[in-house]
Structure formats: C-alpha cells, structure tokens
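Reading the structure
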Amino acid sequence: MKHLILSLIIIFLANCSVNPVTGKQDFVMISENQEIQMGREYNAQILKQSPRYQDQNLQEYVQSIGESLASKSHRPNLIYRFTIIDSPDINAFALPGGYIFINRGLMAYLSSEEELAAVLGHEIGHVTARHSVRQYSQSQLMGILSTAVEINAGRTAGNIANLASGALLSGYGRDMELEADDLGAQYIFQEGYSPQGMFDVL
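Predicted model only: the values in this text are computed from it and were never measured.

**Quick look at the overall build of the protein**
In terms of regular secondary structure, the protein is built from nine helices and five strands. Secondary structure elements in the protein, listed N-terminal to C-terminal, are α-β-β-α-α-β-β-β-α-α-α-α-α-α. For the protein, the residues scored as buried account for 42% of the 202 residues in total. Accessible surface computed for the protein: about 10800 Å², of which carbon and sulfur atoms make up 55%.

**Focus on the nonpolar core**
V62, L69, Y80, I102, L116, L120 and I124 are the most contacted members of the largest nonpolar core, which totals 28 residues. When contributions to this core are tallied by element, the ones reaching two or more residues are α3 (56-70), β3 (81-85), β5 (99-103), α4 (104-109), α5 (113-128) and α8 (173-190). One finds I46, I85, Y99 and F101 within the second-largest nonpolar core, a separate group that totals five residues.

**Quick notes on the sheet that holds β3**
Two strands in a sheet stick together by hydrogen bonds in their backbones, pointing the same way (parallel) or opposite ways (antiparallel). Here three strands make up an open sheet; going across it, the order is β3-β5-β4 and the pairing mixed. Unpaired on one side and paired on the other, β3 and β4 (92-95) mark the two borders of the sheet. In this sheet, neighbouring strand axes are inclined to one another by 20 degrees on average, regardless of whether the strands run parallel or antiparallel. Bridge analysis of β3 against β5 gives five bridges, and the strand direction is parallel. Note on β5: the bridge partner recorded for T83 is F101. Contacts between helix α2 (residues 32-49) and the sheet are confined to β3, β4 and β5, with β5 contributing the most and set at about 30 degrees to the helix. Against the sheet, α3 touches β3 and β5, its axis set at about 140 degrees to β3.

**Focus: α5**
Here α5 is 16 residues long and its end C-alpha atoms lie 22 Å apart, about the 22 Å a rise of 1.5 Å per residue gives. For α5, the tally of buried residues reaches 14 of 16 residues, placing the bulk of the element in the interior. Looking at the residues trailing α5, positive phi occurs at R130, about 60 degrees.

Reading the values: rules and limits
Residues numbered from 1 in each chain as written. Predicted model: local features only at pLDDT ≥ 70, side-chain atom pairs only at ≥ 80, totals over all residues. Heavy atoms only, no water. Helix = DSSP H or I, 4+ residues; strand = E, 2+ residues; numbered from the N terminus. Buried < 20%, exposed > 50% of the residue type's maximum accessible area, 1.4 Å probe, protein only. Areas by Shrake-Rupley, 256 points an atom, 1.4 Å probe, with all protein chains shown as cover. Core = buried A, V, L, I, M, F, W, Y, C linked by side-chain atoms within 4.5 Å. Pairing = 2+ DSSP bridges. Axes fitted to C-alpha atoms, helices over the stretch in contact; angles between N-to-C directions. Contact = heavy atoms within 4.5 Å. Expected span 1.5 Å × (residues − 1).

So, in structure tokens, the structure goes:
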C-alpha cells in the first residue's frame, strides 16, 4: 500500500501545471497541444451528429463576438471556434481547446447581443480555466487509483474506490459553473458589455 501511495504522489507531482486563471498549480494529465487535439476530435464527432445551422452570416456574427471576448480572456493564444448547432434545445457548451457551441434554440431564446456575449463569455470561462481538462485528469487519476486498490486489496475495495471517485467528480460541477460565470462576467465587462447580460441569462 505504501508503494501505491508513493506512486500516486509521484503521478500527481509530475502532472501539475499552472492554471492560467488562478495562477495556482492544477493536476492535469494532458498538455495544451493534447487538449487542442482532443477538442478537434470531439468537434468532428459533434458535427457529424449535429449539423451546423445553415446561416453563414449568423455564424460569422457569433464568431466575431466570441473572438473579441476570447482576446480579453486568460488564454488569448488559443484559436477559438464558435459554432451554432441546428438544434432546438436551449443549450451551449465548450470542448477542450477552444471549441464552443451554441444551439439555435438558445439563440432564439436570447433577446440581446449582451445576453449572447454573456453565454459565450461563460463558455470561454470553461475553456480558460481548463475545466474539462481538469475533470478528465481527475477521472484518469481515480481510474488508476481504483485499479491499483483493486489489485492490492480486492474487488470490493476497488468498487468502493470507484464509487468514491464518482462522488468526488460529480461534486466539481457547481464550483466550475460559478467560476465560469465569474470569468464570463469579467470578459464581457472588459469588452464593454454590462454585466447585467450575465444576470439576465442566469
């Protein structure tokens, strides 16, 4: 068991990097290049399942607002891609590496450019704080932990470790959403929008 703990400590220390938002050390198991590649692959999968909304002017409008906001973010070096998906659902989401999607259903729900900027700013916040990368890295670590515990102490202990890892990871959601709200509000304010847009969307 001592060897297991030592191995996990070594893995943790070897995979720490500075969070671009907080300036603190985060545990991440992939590089920025790997993050971008992961986003590229998921982006291709999503576009196979959910086609782009066929309005090029609207796509360019969203891209221009998103790019301008992203230039004020903590990770302006990334190439951000903003895509409207032809889906009636009221939803927006971000992939690793700067791929951001907004459904046409949410576009129809919004009543101002300020509200659109707030949605995009929130999703940029998820990217800049590396939320998906941190979640992925934590799930990888917990997978290693549960496998190692199972090998060392038997299947029941491994199952308990799996349950514990699921509970831990599900608890990150709210904190990350609040952080993305805060970051989005910062970005839209720097761009000249009123933070009221964020409150209206929320």
